[in-house]
Amino acid sequence: LGAKPPTYLHTPLLLDPKGMKLAKRHGSLEVRALRKAGESPETIWGRLLPLLGLPDHASLDTAVEDFDPAAILPGPFVVDAEGKIRNRPMEGESR
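Residues numbered from 1 in each chain as written. Predicted model: local features only at pLDDT ≥ 70, side-chain atom pairs only at ≥ 80, totals over all residues. Heavy atoms only, no water.

Draft legend 1. Spotlight on the overall build of the protein chain. Of regular secondary structure, the protein chain possesses three helices and three strands. Starting at the N terminus, the α and β elements of the protein chain follow one another as β-α-α-α-β-β. Split into buried and exposed, the 95 residues of the protein chain put 19% on the buried side. Partitioning the contacts of the protein chain with sequence separation of at least 6, the portion at a separation of at least 24 is 44%. (Helix = DSSP H or I, 4+ residues; strand = E, 2+ residues; numbered from the N terminus. Buried < 20%, exposed > 50% of the residue type's maximum accessible area, 1.4 Å probe, protein only. Contact = heavy atoms within 4.5 Å.)

Draft legend 2. Focus on the pattern of salt bridges. By the definition in use, this model includes one salt bridge. R47 is the salt-bridge partner of E39, the closest N and O atoms lying 3.1 Å from each other. A relative accessible area of 18% places E39 in the buried class. We classify R47 as partly exposed; its relative accessible area is 21%. (Salt bridge = Lys/Arg side-chain N within 4 Å of Asp/Glu carboxyl O.)

Draft legend 3. The arrangement of the sheet that holds strand β1 (residues 14-15) in detail. Read across the open sheet, the three strands follow the order β1-β2-β3; overall the sheet is mixed. Two strands bound the open sheet, and with one partner strand each, they are β1 and β3 (85-87). As paired elements, strand β2 (residues 77-79) and β3 share three bridges and run antiparallel to each other. In the strand pairing of β3, F77 is matched with N87. (Pairing = 2+ DSSP bridges.)

Draft legend 4. Looking closely at a nonpolar patch on the surface. Where nonpolar side chains cluster on the molecular surface, the patch consists of W45, L60 and V64 and spans about 270 Å² of accessible area. Relative to the assigned elements, L60 resides in helix α3 (residues 60-66). (Patch = residues over 30% accessible without salt bridge, like charges linked within 9 Å, V, L, I, M, F, W, Y side chains within 5 Å. Areas by Shrake-Rupley, 256 points an atom, 1.4 Å probe, with all protein chains shown as cover.)

Draft legend 5. Main features of the side chain of D16. If you trace the backbone, D16 turns up in the loop between β1 and α1 (31-36). What D16 contacts, discounting residues up to four positions off in sequence, is L22, V78 and V79.

What is shown is where atoms sit, not what they do.
Now the structure itself:
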């Protein structure tokens, strides 16, 4: 078709505290629930951007400019019921 092929990138998995992949079909915490609980978009991005190697950004726009796929932290990451994120190796994996 003459268009440049897209570049794809895999990001680390987000898991629930039991180690299950976050998915609506599992009843996982959704961004919508965090927003309903009063979380601002900036707060939510502030939790996610460090996982992508972008810890100190005031906005999503500045983060996009500085994005480097090589800086993505290895996962998976565990998201608790309050939406806090921590790095945890998968069962049987050592770090």
